[in-house]
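Structure assessment
The lines below spell out each chain.
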Amino acid sequence: MNEQTEMTTRQEDGALRAPTERELILRPAVDIFEDANAIVVEADMPGVAKDRLDIQVDRNSLTLEGEVAITMPEGMRALYADVRGTRYRRNFSLSSELDTEQVEANLKDGLLRVRIPKRAELQPRKIEVKTD
Amino acid sequence: MFGYPTSFDTLFDEFARINRELDDAFGAWGAPASIRATARGSFPPVNIAASDDAVHVYAFAPGLDPSTLDISMQRNLLTMSGERAIERQGDADYYLRERFGGGFRRVMTLPEDVDPDRVEAAYRDGVLHVQVQRSEQGKPRQIRVQ
């Protein structure tokens, strides 16, 4: 079997096929900030409805995933495109002071806001200085 | 080239395909740009698709107040402008600020046969959909063979 044939075979079984254009993953633009109590991620995911949004969180990572769903009339052809994919995905690693049990998420008009609070015992406390 | 995809996925395949074709045809020089074209990465990104009856523009503009959007048509030129207010927390430390904020304006040249009087716009899930009907004379007509 020469190299050419082997490549073809591999493509036919599908396992090593290069991702097609359909699987092109969009990387949503995000703002991330931290205040005294939490870290907040704001992500632009236009076209994603609530039921097509998937937020996975475990101790070490946060994954945002969403699929663009727009009802389109039939018989359309493309003229121009800035947006070439239909799926958003982005991944962040988390650190242990975050309380991943208490994550809150809110999606409105294609804007996702995820708030991950810090563990209560690790939130900064103001130390009062006593004077006699 | 002018297939008639029906599902959303196949339309996106189409979008990807036309970009690939332009890249292939013009290589590093890029496609000859419309004189009103903006740099890639301009806000909001748009996709444009057409059927026999209408031209559809989808602007991916999340988190906007639709009442602040200004959409106008002059012949076949579609202009969208507005302001995207991003509330930034004053007392927070920012690690990433990738989201676009501020004023924007995009002008798009649509096919010649659109009817500027029949335009509808809707905003849903952060996508602005502008639908412009095409005039009757632009539609393909069936020619009967005698």
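Preceding block: the structure.
Summary of the structure given here. No experiment lies behind these values; they were computed from the predicted model shown.

**Details of the overall build of chain B**
Of regular secondary structure, chain B possesses 1 helix and 8 strands. Ordering the α and β elements of chain B from the N terminus gives α-β-β-β-β-β-β-β-β. Every one of the 146 residues in chain B was classed for burial, and the buried ones make up 41%.

**Some words on the pattern of salt bridges**
Overall, the coordinates contain 16 salt bridges over all chains when judged by the stated rule. We note a salt bridge from Arg52(A) to Glu67(A), for which the minimum N-O separation is 3.4 Å. Taken together, the positions of Arg52(A) in strand 4 (residues 48-57) and Glu67(A) in strand 5 (residues 61-68) put the pair 15 residues apart, joining distant regions of the chain. Here Arg89(A) makes a salt bridge to Glu65(A), at a shortest N to O gap of 3.2 Å. Linking Arg89(A) in strand 7 (residues 87-93) with Glu65(A) in strand 5, this pair joins segments that are 24 residues apart in sequence. The class of Arg89(A) is partly exposed, set by a relative accessible area of 38%. Each of the salt bridges in this network shares a partner with another, and the network as a whole consists of Asp31(A), Glu42(A), Asp44(A), Arg113(A), Arg84(B) and Arg99(B).

**Structural notes on the sheet that holds strand 2 (residues 54-60) of chain B**
Strand order in the open sheet formed by 5 strands is 6(A)-1(B)-2(B)-8(B)-7(B), and the pairing between neighbours is antiparallel. The sheet is open, and its two borders are formed by strand 6 (77-81) of chain A together with strand 7 (114-124) of chain B, each paired with just one other strand. When the angles between neighbouring strand axes are averaged without regard to direction, this sheet yields 20 degrees. Across 5 bridges, the pairing between strand 1 (residues 46-50) of chain B and strand 2 of chain B is antiparallel. Across the sheet, residue Ala50(B) finds its bridge partner in strand 2 of chain B, namely Val55(B).

**Overview of the pairing of strand 1 of chain B**
Counting buried positions over the 5 residues of strand 1 of chain B gives 5, a clear majority of the element. Side chains Val46(B), Ile48(B) and Ala50(B) of strand 1 of chain B all project onto a buried face; the interleaved residues Asn47(B) and Ala49(B) project onto the opposite face, where all are buried too. Here strand 6 of chain A pairs with strand 1 of chain B via 4 bridges, running antiparallel. Residue Tyr80(A) lies in a different strand from strand 1 of chain B, and its bridge partner there is Ile48(B). In textbook terms, the turn of a hairpin is the stretch between consecutive antiparallel strands, and for strand 1 of chain B and strand 2 of chain B this stretch comprises 3 residues.

**A closer look at the interface of chain A and chain B**
The interface is formed by 41 residues belonging to chain A together with 53 residues belonging to chain B. Taken together, both faces of the contact between chain A and chain B bury some 4,500 Å²; the carbon and sulfur share is 56%. Of all residues in chain A, the largest losses of buried area upon contact with chain B belong to Met76(A), Arg77(A) and Arg84(A), amounting jointly to 17% of the total for that side. Taken together, the connections running from chain A to chain B amount to 7 salt bridges. Here Glu42(A) makes a salt bridge to Arg99(B), at a shortest N to O gap of 3.5 Å. For the pair chain A and chain B, the number of links is 20 residue pairs in polar contact (both at pLDDT 80 or more).

**Notes on the environment of Leu77(B)**
One can find Leu77(B) in strand 4 (residues 77-84). When the C-alpha positions of Leu77(B) and Val114(B) are compared, they lie 9.5 Å apart, and in sequence the two are 37 residues distant.

Procedures and definitions
For every chain, the first residue of its written sequence is number 1, and the numbers climb from 1 along that sequence. Chains carry letters from A onward and ligands carry numbers from 1 onward, assigned in written order. Since the coordinates come from a predicted model, pLDDT governs what is reported: local features require at least 70, and pairs of side-chain atoms require 80 or more to be given and counted, while whole-chain, interface and lining totals use all residues. Each side-chain value is derived from all of the structure's non-hydrogen atoms; neither hydrogens nor water enter the calculation. Each helix is a run of DSSP H or I of at least 4 residues and each strand a run of E of at least 2, with the numbering of both proceeding from the N terminus. Here's how the labels work: a residue is buried when its accessible area is under 20% of the maximum for its type, exposed when over 50%, partly exposed in between, all with a 1.4 Å probe on protein chains only. Any carboxyl oxygen of Asp or Glu within 4 Å of a side-chain nitrogen of Lys or Arg constitutes a salt bridge here. Pairing between strands is defined by DSSP: at least two bridges between them are needed. A fitted line through C-alpha atoms represents every axis, and for helices the fit uses only the stretch in contact; the resulting angles, taken between N-to-C directions, go from 0 to 180 degrees. Contact between two residues is taken to exist if any of their heavy atoms lie within 4.5 Å; hydrogens are not considered. Buried area is understood as the total, over both parts, of accessible area removed when two parts are fitted together, assessed with a 1.4 Å probe. Whenever two N or O atoms come within 3.5 Å, that pair is a polar contact, provided that in protein one can donate a hydrogen and the other can accept it, and provided that, for residues adjacent in sequence, both atoms are side-chain atoms.

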